[in-house]
Structure formats: structure tokens, C-alpha cells
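# A structural walkthrough
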Amino acid sequence: MESYLLNAHYDLVTPDGKIISIHLKDEKSAQAEVAFEGISPAFLGFSIDIELISFNLKSTLAQLGLDGFSDHIVVDPAASSARAMISLIAVDPLGIEMLALLRKGVAVGKLFAADPRRRVRDPDYLLRMFGRSDRWGRPLLSLGGMHGSDDLVVEVIDGRTVAYLGLREGVALYDPAIHGFVPTIARALESDIPVRRFIDLHQYWKARIPRLAKEGHLLLVKTAPLHIRTVFGHVVQELLPQGFRHTSASLLQPDTTASGDIYELYGSSIREISDIPLEFYTLEPHREHVFFSDRDQLQAALESPRSLFRAFETAPAGPDQASVFVVKGEQLENLTPHDWITRESVMTEFPGQAQGARQALMVERYIHRQSAYPFLRSIEDGLITSQGVLLSRYFCSPVLKRMLLADLVQRLVKGIYFQTPSLRHGEFFSFEDRAFLIDLA
């Protein structure tokens, strides 16, 4: 269970893969073998059809005139890794320069698992995010403004929600100095040094240029500044106008803030492109920034004692502590023993105030041994962002008072359900428990 509480991953993507071998076919194309290491055990690509996994090129490379496609992907859940054969092509002269500099160790992109179960189908799921913000005041979803924009049109196409993002007039071009900067970019990609902002320094905006795709040229277009915190956005290739193709750098991650506004296109067209179609994939439920008031199914399930008793029956057997944080009704109805975090129920004697430093250390260790602690800590760290309820075999220990009464935890924990009043006293609340109940109330 605790594997999904790691900060380093989303379960639909892998870390960036690096080239382990590359063969240039000619100046415009190459074949590369790419290794993806340290993939989260929760990566959905380990459990869905391999045909649903695609390669997503780094935006840095796409903006420099490259595109890439996966020819063959092999995943290895036991080793938390994957291998892919990637075809790389240069779509313009700058891409030819960049392609010649790629070598072993360069990070080129990640794998994306387009799990159809995560595809957003109801437009209201997106629209209700407008006007809402995270704990730092950043919009959950916006395009050019906190409450939406006339440049965004949301429709349902083939059973999925598609947002059309209006494009600004004109195109982005490079100044001549970019040619001297390309070798630096290649070296930076070997060392995982962010260079996207440096590329921006070499781009300038040219208004009144038609947004047409021309053979042998990369077309860089822009939308209004985009914020995405609650979903993955993905360019829908088949909905682009005839003659246009977007590079495989087509994924917008949920940490997109005031960026995600540039798109890389190529091909050959006789008409201008006016907008970019995006489809969306949801995050893990605990990272969706969803409010408890939006969870009708969860609220209805919590009003049913039968649903609650059935949920508690899924906890691992035994007297140990067990806790789980539930954020949606479907999760409550389908809990398994694997979903619960358990901790051995060990009593601890504290030395008293005469040994203040030692007592403080032992209390801190005791807090860490509570089964609810990983969930509360993940809320504090910003990993859990959706409101929900805490289910616990025993009523929470008073040592967790400081965490449960913290502002961030109070905002997200909308209820505590437990089977047994006290770990120490069984069916009876202790005086400390009663005081704790009053504080929570």
C-alpha cells in the first residue's frame, strides 16, 4: 500500500528513459534502444495491454525539430524497468543538427500508459475545476484565467471529453544563436539538467504569419498560459486538421503551471490550424484534488452501516493496527487487504518529563509506528490532495493529535471511522481518548 505514497511518480508514466545504444540510418533518422529504470511498482503499464503504452518524446527535443515513435516495448515488472526501440526522425534542419548529437546516456522521453479506465468522459469533471485552486493558490485548471477562457471549448467526442485550445495569432521562430546552443542542450540531457527555459530565450514571436504546416519545417504554435493540476492532457492526433501531425511530445503532466502553451507540429497543409484538441486522463484518486462534497457515491456509502462493516472486513486479520484513507465510493466498495497499512500493536512506556529529550524522541518514534501516520504525513507533504475519510481498526492514538488538528489535515480528513475505541482499553475510551474526541469535535 505504501508504494503509492511515494512522491516520485504518477502511475500513468515512467521516469525519463535514456539511450543505451543508437544507430544513425541517415542524417534524418536513427534507431535507438532506450532503457527506463526505477519505474514505480504502481505503473499501470505493467498490467494493461502493451498496445496501450506509447512513447512520449521530451518537449525539449520536439521543439528542436525531432519526433520519435516506439517500434517495440518490453516491460519487466520484477525489475521495475522497461526497454523500447525508438525511431527518431528530424523534421527540419535544426532537428538534423540535434539528431547527430544524440548518444548513449541522453534522456529522450518517457512511457505513457493510456489506460482507458482513466479517460475523462464527463465534461463536468473538468469544468468543476475552474475557479478552484490548490493549497498554494495555484489554479487546478485554467487557460488564460482562473475561471476559464473563451479560447477553450469542451465537447464529448466518441465517448470522451475533448477540449479545444484556441491558438494565438502567429508562430514562434528561433534566432540564429540557437545553432550554437544545440550542443549544450545535448550535453545537458545527459546530466538531467533542465534546459527548457533556456530554449525559450532563443525563441521569439512573429505575428501575422499563417499557421500552416510546410514540408521540412517545424511549426511552433502557442495557446494562452495553461495550468493543469488534476489530470494528464494528451493531444488527440486524429482530431488535428488534415495535413498536420503533432510530435510525440504530446503529453501534458499534472504539474503543468503557466506553461504547456507551446505545441510542435509538422506536415503539409493548405489551411491554417486554429486550435489544439486535448483528451484527458485522471490521476490516482488520492491526487485528484477532489472535494468530499463532489463524491456523491462515497457519501451514500458512508451512510450505509452495511457498506462500512463490509469495508472493515477487508482489513488484514489480527490485532495489529490497520488504517486506510478512502477518497471515493468505488474505492470503499472494492477495498482489499493490500490497501490497508498495518503496524504491529506494541505498547510503549515513556520515561517521563524528567528525561525530556529522550521522551520526545520516543514519542516521535511511537507516532511513526501508528498505521494512520503514513496517510497523515502524505497529506502534509502534498501527496494526498483529495478530501476523504480515514478508516482505522482502533480509534487514533492521542499522540496523533498534533497532526490531525493541523490545518492541512483538517481540510482533507472529513471523517474518522473506527471499530474499537482503544488499543489499550478495548471497548472503553481512556481519559486521554475522551479529551481527544472533544478536541476533534
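Refer to the structure presented above.
Owing to the predicted nature of the structure, the values given are computational and were not obtained by experimental measurement.

Among the residues making up helix α10 (residues 373-381), those that are buried are Tyr373, Pro374, Phe375, Leu376, Ser378 and Ile379. In the stretch just after α10, glycine 382 is the one whose phi turns positive, near 85 degrees.

One pass over the structure, following the stated rule, counts one cavity of 30 Å³ or more. In this structure, the largest cavity occupies an estimated 60 Å³ of space. Residue lining of the largest cavity: Leu126, Leu127, Phe130, Leu141, Leu152, Val154, Ala163, Leu165, Leu226, Ile228, Leu278 and Phe280, and that is the complete set. Residue classes in the lining of the largest cavity are distributed as twelve nonpolar, no polar and no charged.

Moving on to the sheet that holds strand β2 (residues 29-36). On the basis of which strands lie adjacent, the open sheet formed by six strands has the order β3-β6-β1-β2-β5-β4 and antiparallel pairing. The open sheet is flanked by β3 (53-57) and β4 (66-76), the only strands paired with a single partner. Here the average twist between neighbouring strands, direction ignored, is 30 degrees. Bridging between β3 and strand β6 (residues 107-113) involves five bridges; their strand directions are antiparallel.

To continue, consider the pairing of strand β18 (residues 262-267). Of all six residues in β18, five are buried, a share of seventy percent or more. Sheet analysis places strand β12 (residues 219-222) next to β18, joined by four bridges and oriented antiparallel. Residue pairing for β18: valine 221 is matched across the bridge by tyrosine 263. The pairing of strand β15 (residues 244-246) with β18 spans three bridges and is antiparallel. Each bridged residue has a counterpart across the sheet, and for histidine 246 the counterpart in β18 is leucine 265.

Our next topic: unusual backbone geometry. Residues other than glycine predominantly adopt negative phi, and peptide bonds predominantly adopt the trans conformation. One non-glycine residue with positive phi stands out, namely serine 80, at about 50 degrees. One can find serine 80 in the loop between β4 and β5 (81-90). Backbone geometry at histidine 289 places phi at a positive 60 degrees, although glycine is not the residue there. Position of histidine 289 relative to the elements: it lies in the loop between β19 (275-282) and α6 (296-302). With a relative accessible area of 12%, histidine 289 lands in the buried category.

With that settled, the discussion passes to the pattern of salt bridges. Counted according to the given criterion, the structure contains 20 salt bridges. Among the salt bridges present, the one from arginine 310 reaches glutamate 333, with a minimum N-O distance of 3.2 Å. Of this pair, arginine 310 sits in helix α7 (residues 305-312) while glutamate 333 sits in helix α8 (residues 329-333), placing them 23 residues apart in sequence. Here the salt bridges do not stand alone but share partners, grouping Arg119, Arg160, Glu238 and Glu279 into one network.

Take the nonpolar core next. Membership of the largest hydrophobic core comes to 57 residues, with the highest contact counts inside it found for Met98, Leu102 and Phe232. The dominant element in this core, judged by the number of residues it contributes, is helix α4 (residues 178-190), at seven residues. Not counting chain neighbours up to four residues away, the residues in contact with phenylalanine 232 comprise Tyr10, Leu12, Val13, Phe112, Leu251, Leu252, Gln253, Pro254, Glu279, Phe280, Tyr281 and Leu283. Counting residues in each nonpolar core, the second largest holds 31 residues, with Leu152, Leu252, Phe280 and Val290 among its members.

This part takes up the sheet that holds strand β16 (residues 251-252). Within the open sheet, the five strands sit side by side as β8-β9-β19-β14-β16. Their pairing is antiparallel. Unpaired on one side and paired on the other, β8 (152-157) and β16 mark the two borders of the sheet. Two elements, β8 and strand β9 (residues 160-166), share six bridges in a ladder whose sense is antiparallel. Of the residues in β9, the one forming a bridge with leucine 152 is leucine 165.

On to the layout of surface pockets. For the largest pocket, the calculated volume is near 1300 Å³. Along its surface, the largest pocket is lined by 38 residues, and Arg118, Pro285, Lys328, Glu330 and Gln331 are the ones closest to its centre. Of all elements in the fold, only α6 and α8 reach the threshold of two or more residues within the lining of the largest pocket. By residue class, the composition of the lining of the largest pocket is twelve nonpolar, ten polar and 16 charged.

What follows covers the packing of aromatic side chains. In the structure shown here, the tally under the stated rule is ten aromatic pairs. Summarising the aromatic geometry, the rings of tyrosine 10 and phenylalanine 232 are spaced 5.6 Å apart at their centres and angled 80 degrees between planes, so their arrangement reads as edge-to-face. Separated by 222 residues along the polypeptide, tyrosine 10 in the segment before β1 (17-26) and phenylalanine 232 in strand β14 (residues 231-235) bring together distant segments of the chain. A relative accessible area of 0% places phenylalanine 232 in the buried class.

What follows is about the environment of proline 254. Within the secondary structure, proline 254 is located in the loop between β16 and β17 (256-259). The class of proline 254 is buried, set by a relative accessible area of 1%. Considering only alpha carbons, one finds proline 254 and serine 422, 168 residues apart in sequence, at a separation of 40 Å. The contact partners of proline 254, leaving out residues within four places of it in the chain, are Tyr10, Ile228, Arg229, Val231, Phe232 and Leu283.

About the criteria used
- Residues numbered from 1 in each chain as written.
- Predicted model: local features only at pLDDT ≥ 70, side-chain atom pairs only at ≥ 80, totals over all residues.
- Heavy atoms only, no water.
- Buried < 20%, exposed > 50% of the residue type's maximum accessible area, 1.4 Å probe, protein only.
- Helix = DSSP H or I, 4+ residues; strand = E, 2+ residues; numbered from the N terminus.
- 1 Å grid on protein atoms, 1.4 Å probe; cavity = no way out; pocket = protein on both sides within 12 Å on 5 of 7 lines; lining within 4 Å.
- Points joined across faces, edges and corners; volume = space filled by probe spheres on them.
- Nonpolar A, V, L, I, M, F, W, Y, C, P; charged D, E, K, R; others polar.
- Pairing = 2+ DSSP bridges.
- Axes fitted to C-alpha atoms, helices over the stretch in contact; angles between N-to-C directions.
- Salt bridge = Lys/Arg side-chain N within 4 Å of Asp/Glu carboxyl O.
- Core = buried A, V, L, I, M, F, W, Y, C linked by side-chain atoms within 4.5 Å.
- Contact = heavy atoms within 4.5 Å.
- Phe/Tyr/Trp six-rings, centres within 6.5 Å; stacked < 30°, edge-to-face > 60°.

From the geometry alone we can't say anything about function, so treat these as descriptive.
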